[in-house]
Amino acid sequence: MSSKPSIASPLSGTAFSILLLIAFMMGANHVAARLAFDHGVDVATAVAFRSGATVLAVGLVLRMYRVPLRIGLRQRRALPAIGVLVAVQSLCLYSSVARLPVALALLAFNTYPLWTALWARVLYQHRPAPRVLRAMPVILVGLTLALDVFGAASGLQASAHWARIGVGVAFALAAAATFGLALVLTQHEAGDIDGRWRTFTTLSIVAVLALLGVATQGGFHLPQASLGWVGLLGLTALYGTAFTIMFTVLPRLGVVGNSAIMNVEPIFALVLAWLLLGQSIAPVQVAGGLLVVATVMWLGTRRN
């Protein structure tokens, strides 16, 4: 696992384009996942395929570049916990995507900067930066609009609306909370490990846990139609390719840390889900989503 790349210095046109491409592929990965879920694939199967293929791709990168592994006792203890957290995050986010319009699932997940600030405060007594405190209410207002909390855009009463979306939203927020915790632990306990080795180790744990989940449910739940195979193979290829580009191309371009640009992923997902899945949301929900994305991008551009 790696935190998303950030703007630490002005980006070249090539770097900007590649970051947008990665955001597009990550958004498309979730749309492909929903296509697979609609045709018989279950969450554990999707996570196992995605993580296994990405482990192989990153493993090839490690071998190609002969990246040395330097790891201390503290980091060795932290990595299994981070791997378990990322496994939970992956399962929860895909469970949300299976139940909600893809863009709404990703928008709810995009609250993870707030969870990151909370976990840093709880575990390491780090006070949230004033910028984060100012962003919190804005993100929550945007999320309230995007999720149509009171059911106005859906035409349903609030209770009926939440009966329909509540479980999906809960999964997305659980994914955000676990991802925020994983980011905090990575920064404080495993930040010195090469990002490629950290991703390889973390996703190896995710793949093993997903395979255990597959085993407990009697085996892989494979697609029941050709479109399901398109979704399953698409999510696997898109996720693996995005991570491979992240670790091979971006370092050569001098793009390090986190990039706010990649937080446009829900916007790509919104457009793709509308075009490919026929999913649409009300204009007020789109406005709320844009508010969330813009605020998270604003947070991501802050200087460390």
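Residues numbered from 1 in each chain as written. Predicted model: local features only at pLDDT ≥ 70, side-chain atom pairs only at ≥ 80, totals over all residues. Heavy atoms only, no water.

Visitor: Which parts of the structure should I look at to understand the overall build of the protein chain?
Guide: Assigned secondary structure in the protein chain consists of eleven helices and zero strands. Its helices and strands in sequence order give the protein chain the pattern α-α-α-α-α-α-α-α-α-α-α, from N to C terminus. The C-alpha radius of gyration computed for the protein chain amounts to 19 Å, which stays within 12% of the reference 19 Å derived for 304 residues, consistent with globular compactness. When the backbone C-alpha atoms are referred to their principal axes, the protein chain occupies close to 55 × 50 × 40 Å. Looking at the 304 residues of the protein chain, the share that counts as buried comes to 51%. For the protein chain, the share of sequence-separated contacts (at least 6 apart) that also reach a separation of at least 24 residues comes to 89%. Side-chain charges of the protein chain comprise 20 positive and 7 negative groups, with the mean position of each set lying 9 Å from the other. (Helix = DSSP H or I, 4+ residues; strand = E, 2+ residues; numbered from the N terminus. Rg over C-alpha atoms; globule rule 2.2 N^0.38 Å. Buried < 20%, exposed > 50% of the residue type's maximum accessible area, 1.4 Å probe, protein only. Contact = heavy atoms within 4.5 Å. Lys, Arg positive; Asp, Glu negative; His and termini not counted. Charge placed at Lys NZ, Arg CZ, Asp CG, Glu CD.)

Visitor: Is there a simple way to think about the packing of aromatic side chains in this case?
Guide: In this description, a pair of aromatic rings is defined by centroid distance and the angle of the planes. Counted by the stated rule, this structure contains eight aromatic pairs. Between Phe 24 and Phe 268, the aromatic rings sit 5.5 Å apart at their centres with planes inclined by 85°, giving edge-to-face as the arrangement. Residue Phe 24 is located in helix α1 (residues 13-37), and its partner Phe 268 is located in helix α10 (residues 265-277); the two are separated by 244 residues in the primary sequence. With relative accessibility at 34%, the residue Phe 24 sits in the partly exposed group. (Phe/Tyr/Trp six-rings, centres within 6.5 Å; stacked < 30°, edge-to-face > 60°.)

Visitor: Any chance you could explain empty space enclosed by the protein here in plain terms?
Guide: Leftover empty space is mapped by rolling, across the atoms, a probe with the size of a water molecule. Enumeration according to the criterion identifies four cavities of 30 Å³ or more in this entry. Looking at the second largest cavity, its volume works out to about 50 Å³. Along its surface, the second largest cavity is lined by Ala 103, Leu 107, Pro 266, Ile 267, Leu 270, Ile 281, Gln 285, Val 286, Gly 289 and Leu 290. For the lining of the second largest cavity, the element with the most residues is helix α11 (residues 283-300), which contributes four residues. Residues belonging to the lining of the second largest cavity are distributed by class as follows: eight nonpolar, two polar and no charged. (1 Å grid on protein atoms, 1.4 Å probe; cavity = no way out; pocket = protein on both sides within 12 Å on 5 of 7 lines; lining within 4 Å. Points joined across faces, edges and corners; volume = space filled by probe spheres on them. Nonpolar A, V, L, I, M, F, W, Y, C, P; charged D, E, K, R; others polar.)

Visitor: Please clarify how the side chain of Thr 186 should be interpreted in this entry.
Guide: Considering the arrangement of structural elements, one finds Thr 186 in helix α7 (residues 158-189). Within the local environment of Thr 186, its side chain forms a polar contact with the backbone oxygen of Ala 182, the two atoms lying 2.7 Å apart. (Polar contact = N/O pair within 3.5 Å; in protein donor to acceptor, adjacent residues only side chain to side chain.)

Visitor: I keep staring at the environment of His 39 and nothing clicks. Help me out?
Guide: Checked against the element boundaries, His 39 lands in the loop between α1 and α2 (43-65). As a C-alpha pair, His 39 and Trp 274 span 235 residues in sequence and 18 Å in three-dimensional space. In contact with His 39, not counting residues within four places along its chain, are Pro 223, Gln 224, Ala 225, Leu 227 and Gly 228. At 2.9 Å, the side chain of His 39 and the backbone oxygen of Leu 35 are in polar contact.

Visitor: When you look at helix α4 (residues 102-109) in this model, what are you seeing that I'm missing?
Guide: One turn of the α-helix equals 3.6 residues, which is why residues spaced by three or four share an orientation. Counting buried residues in α4 gives eight out of eight residues, a clear majority hidden from the surface. Every buried residue of α4 is listed here: Val 102, Ala 103, Leu 104, Ala 105, Leu 106, Leu 107, Ala 108 and Phe 109.

Visitor: What am I meant to see in the pattern of salt bridges here?
Guide: Working definition: two side chains of opposite charge can pair if their charged atoms are close together. Per the stated rule, a full pass over the model turns up three salt bridges. Arg 74 serves as the salt-bridge partner of Glu 189, at 2.5 Å between the closest nitrogen and oxygen. Here the residue Glu 189 occupies a position in helix α7, and Arg 74 occupies one in helix α3 (residues 73-97), the gap between them amounting to 115 residues. Taking relative accessible area as the criterion, Glu 189 reaches 16% and is therefore assigned buried. Its relative accessible area of 52% is what places Arg 74 among the exposed residues. (Salt bridge = Lys/Arg side-chain N within 4 Å of Asp/Glu carboxyl O.)

Visitor: Explanation requested: a nonpolar patch on the surface in the structure shown.
Guide: On the surface, Val 84, Val 88, Val 208, Leu 209 and Leu 212 cluster together into a nonpolar patch covering about 380 Å² of accessible area. At three residues, helix α8 (residues 195-216) tops the list of elements feeding residues into the nonpolar patch. (Patch = residues over 30% accessible without salt bridge, like charges linked within 9 Å, V, L, I, M, F, W, Y side chains within 5 Å. Areas by Shrake-Rupley, 256 points an atom, 1.4 Å probe, with all protein chains shown as cover.)

Visitor: What is the right way to look at unusual backbone geometry in this model?
Guide: Among all residues except glycine, the phi angle is most often negative; among peptide bonds, the trans geometry is most common. One non-glycine residue with positive phi stands out, namely Gln 125, at about 55°. Examined against the element boundaries, Gln 125 turns out to sit in the loop between α5 (112-124) and α6 (130-146). The exposure class assigned to Gln 125 is exposed, which follows from its relative accessible area of 54%. Positive phi values are uncommon outside glycine, yet Asp 148 reaches one of about 55°. Within the fold, Asp 148 resides in the loop between α6 and α7. Asp 148 gets classed as buried once you look at its relative accessible area, which sits at 7%.

Visitor: Looking at this structure, how should I read the nonpolar core?
Guide: Side chains of a nonpolar character, in soluble globular proteins, are inclined to be buried together. If you look at the biggest cluster of nonpolar residues, it comprises 83 residues, and the most contacted ones within it are Ile 22, Phe 37, Tyr 94, Val 102, Phe 109, Ile 139 and Leu 235. Sorting elements by how many residues they give to this core places α1 first, with eleven residues. Here Val 102 is in contact with His 30, Val 31, Arg 34, Val 97, Ala 269, Ala 273, Leu 277 and Gln 279, once residues within four sequence places are set aside. (Core = buried A, V, L, I, M, F, W, Y, C linked by side-chain atoms within 4.5 Å.)

Visitor: Looking at this structure, I do not really get the packing of α2 against α3. What am I missing?
Guide: Between two packed helices, what matters for the description is the angle formed by their axes and the separation of those axes. At a minimum axis distance of 9 Å, the contact between α2 and α3 shows a crossing angle of 125°. Here α2 is positioned oblique relative to α3, judged by the angle of their axes. Here the hand of the crossing between α2 and α3 comes out right-handed. Facing Val 43, Ala 44, Ala 46, Val 47 and Arg 50 of α2, the residues of α3 in contact are Ser 90, Leu 91, Tyr 94 and Ser 95. Grouping the amino acids of the contact of α2 with α3 by side-chain chemistry returns six nonpolar, two polar and one charged. (Axes fitted to C-alpha atoms, helices over the stretch in contact; angles between N-to-C directions. Parallel < 35°, antiparallel > 145°, perpendicular 65-115°, else oblique. Left-handed = near helix turned anticlockwise from the far one by under 90°.)

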